[in-house]
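Descriptive structure summary
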Amino acid sequence: MNSHAPGPTLPWEGKAQPADKILVTAIMISGLYGLATMPLIPWMIQNHPVALAAIRGGMTAIVNLGALARVDEVSLWVAVLVGLPATVLFDWAYWWAGQRWGERSLHMILGESRKTEMRLAKVKRLTVRFGAIAVLTAYYSPLPTVLIYAAAGWAGMRLTTFLVLDVLGALLWTSVLAGLGYWVGQSAVDAVEAFADYTLYLTIALVVLIVIRQIWNTRKQLRAASQQPVESVEPDAAPVE
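Computed from a predicted model, the values in this text were never measured in an experiment.

Thresholds applied
- Residues numbered from 1 in each chain as written.
- Predicted model: local features only at pLDDT ≥ 70, side-chain atom pairs only at ≥ 80, totals over all residues.
- Heavy atoms only, no water.
- Axes fitted to C-alpha atoms, helices over the stretch in contact; angles between N-to-C directions.
- Helix = DSSP H or I, 4+ residues; strand = E, 2+ residues; numbered from the N terminus.
- Parallel < 35°, antiparallel > 145°, perpendicular 65-115°, else oblique.
- Contact = heavy atoms within 4.5 Å.
- Nonpolar A, V, L, I, M, F, W, Y, C, P; charged D, E, K, R; others polar.
- Patch = residues over 30% accessible without salt bridge, like charges linked within 9 Å, V, L, I, M, F, W, Y side chains within 5 Å.
- Areas by Shrake-Rupley, 256 points an atom, 1.4 Å probe, with all protein chains shown as cover.
- Salt bridge = Lys/Arg side-chain N within 4 Å of Asp/Glu carboxyl O.
- Lys, Arg positive; Asp, Glu negative; His and termini not counted.
- Charge placed at Lys NZ, Arg CZ, Asp CG, Glu CD.
- Buried < 20%, exposed > 50% of the residue type's maximum accessible area, 1.4 Å probe, protein only.
- Left-handed = near helix turned anticlockwise from the far one by under 90°.

**A closer look at the packing of helix α7 (residues 91-101) against helix α8 (residues 103-110)**
Interaxial distance between α7 and α8 falls to 6 Å at its minimum, and their mutual angle equals 130°. The pairing of α7 with α8 is recorded here as oblique in orientation. Note on element contacts: α8 touches α7 through Glu103, Arg104, Ser105, Met108 and Ile109, opposite Tyr94, Ala97, Gly98 and Trp101. Among the residues forming the contact of α7 with α8, the class breakdown is 5 nonpolar, 2 polar and 2 charged.

Rendered as structure tokens:
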């Protein structure tokens, strides 16, 4: 039997259950949602800034609302709170991935690279020792937030605990962003207006690059899977007469 390196694996074992399919769909939608709403930024940030923050959250939209609050165009409370639901919209899915798929979910998020194991070891230590604090301060961590959320599920954090910490952490984050915009004030509003047209082209270019990268990674995985050698089976020996 010929030995070979394992190819790309699925995060679940055996046949996918309905829960696995729901979870994969939710994670896919979270990525597509971010891409689909990205082109709205250049147009809505000037014309409908509150709606933009409500639809997708994001640093730019919330900082802009904080700046608008400084010039009395919106309430500071609106700047802090309106982007909160969109900020935490899909976080539960990554917690569930960690809770259901365990360590496989962490590999799925990080991908395969020479640094994967080192980063996995770091996030495991962080989550086991400081689980609640890690989720609460996820936006200030150099690690991807979704990785921390998946690690929280993997470490056994209860869903209710995770949701409370997640919302509190996001509220702290939006407060800082809105406060930053409020402190900058009119100059931030002027900067947004000045660069709105250029942002459209940059956004389109970024979306194209993300799509190309995703296609390239998918083709690479499929090519690696198709090149796996087939296990050779020795024929049965002929009977001796």
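**Side note on a positive patch on the surface**
There is a patch of like positive charges on the surface, built from Lys115, Arg119, Lys122, Arg125 and Arg129. We classify arginine 129 as exposed; its relative accessible area is 65%.

**As for the packing of helix α1 (residues 18-37) against α7**
Interhelical geometry of α1 versus α7 gives an angle of 145° and a closest axis separation of 10 Å. Read as a crossing pair, α1 and α7 show a hand that is left-handed. Contact residues: α1 offers Ala19, Asp20, Ile22, Leu23, Val24, Ala26, Ile27 and Ser30, while α7 offers Trp92, Ala93, Tyr94, Trp96, Ala97, Arg100 and Trp101. Grouping the amino acids of the contact of α1 with α7 by side-chain chemistry returns 12 nonpolar, 1 polar and 2 charged.

**Side note on the side chain of aspartate 166**
With respect to the secondary-structure elements, aspartate 166 resides in helix α11 (residues 159-184). Buried aspartate 166, no salt bridge; nearest opposite-charge side chain is arginine 158, N-O distance 16 Å. Here aspartate 166 is in contact with Val88, Asp91, Val135 and Tyr149, once residues within four sequence places are set aside.

**Quick look at the environment of asparagine 64**
Tracing the backbone through its elements, the reader meets asparagine 64 in helix α4 (residues 59-70). It is 9.3 Å that separates the C-alpha atoms of asparagine 64 and glutamine 46, two residues lying 18 residues apart in sequence.

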